[in-house]
Amino acid sequence: QVQLVESGGGLLQAGGSLRLSCQASGIIFSIDTMGWYRQAPGKQRELVTTITSGHTTNYADSVKGRFTISRDNAKNTVYLQMNSLKPEDTAVYYCNAEGVQNYYGLKRDYWGQGTQVTVFS
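Residues numbered from 1 in each chain as written. Predicted model: local features only at pLDDT ≥ 70, side-chain atom pairs only at ≥ 80, totals over all residues. Heavy atoms only, no water.

A few words on the side chain of R38. Its location among the elements puts R38 in strand 4 (residues 30-39). Side-chain polar atoms of R38 contact the side chain of D89, separated by 3.0 Å. Leaving out residues up to four positions away in the same chain, R38 has contacts with Q44, R45, E46, V48, S62, V63, F67, E88, D89, A91, V92 and Y93. (Helix = DSSP H or I, 4+ residues; strand = E, 2+ residues; numbered from the N terminus. Polar contact = N/O pair within 3.5 Å; in protein donor to acceptor, adjacent residues only side chain to side chain. Contact = heavy atoms within 4.5 Å.)

Our focus in this paragraph is the nonpolar core. Of all hydrophobic cores here, the largest spans 31 residues; its most connected members are W36, F67, V78, L80, M82 and Y93. Counting residues per element, the ones that place at least two in this core are strand 3 (18-25), strand 4, strand 5 (46-52), strand 7 (67-72), strand 8 (77-82), strand 9 (91-101) and strand 11 (115-120). Excluding anything up to four places from it in sequence, Y93 contacts E6, L20, W36, Y37, R38, V48, F67, L80, M82, G114, T115 and V117. (Core = buried A, V, L, I, M, F, W, Y, C linked by side-chain atoms within 4.5 Å. Buried < 20%, exposed > 50% of the residue type's maximum accessible area, 1.4 Å probe, protein only.)

Strand direction decides the pairing type here: strand 9 and strand 10 (residues 107-111), joined by four bridges, are antiparallel. The residue bridging N96 from the neighbouring strand is W111, located in strand 10. Joining the antiparallel neighbours strand 9 and strand 10 is a turn of five residues, in which G105 adopts a positive phi near 85°. (Pairing = 2+ DSSP bridges.)

Below is the structure:
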């Protein structure tokens, strides 16, 4: 069974930085795309950023220039460096792994349990 375990959330003042990590564990042969999504209270879950196995990245306009996604394929781990945080970044951040290939060659997607990021002004 594949699991995604996130870490690094917290409470901090606007302008600060935070780094999230997410490691996929289990029998994994490859992962196509890993990414981060977030959900603020009363809002729908939204894309923050994704990164492919070839390290091609995609960012939401709201985080461009402030957030950086990176990935260690050998460790099945994705990171999110968040700088210049704003109160509007407050949300539960979810890790996503898309196209996780198992021993039998089958692929499926997985979600982490979420980690809270709270930014106060």
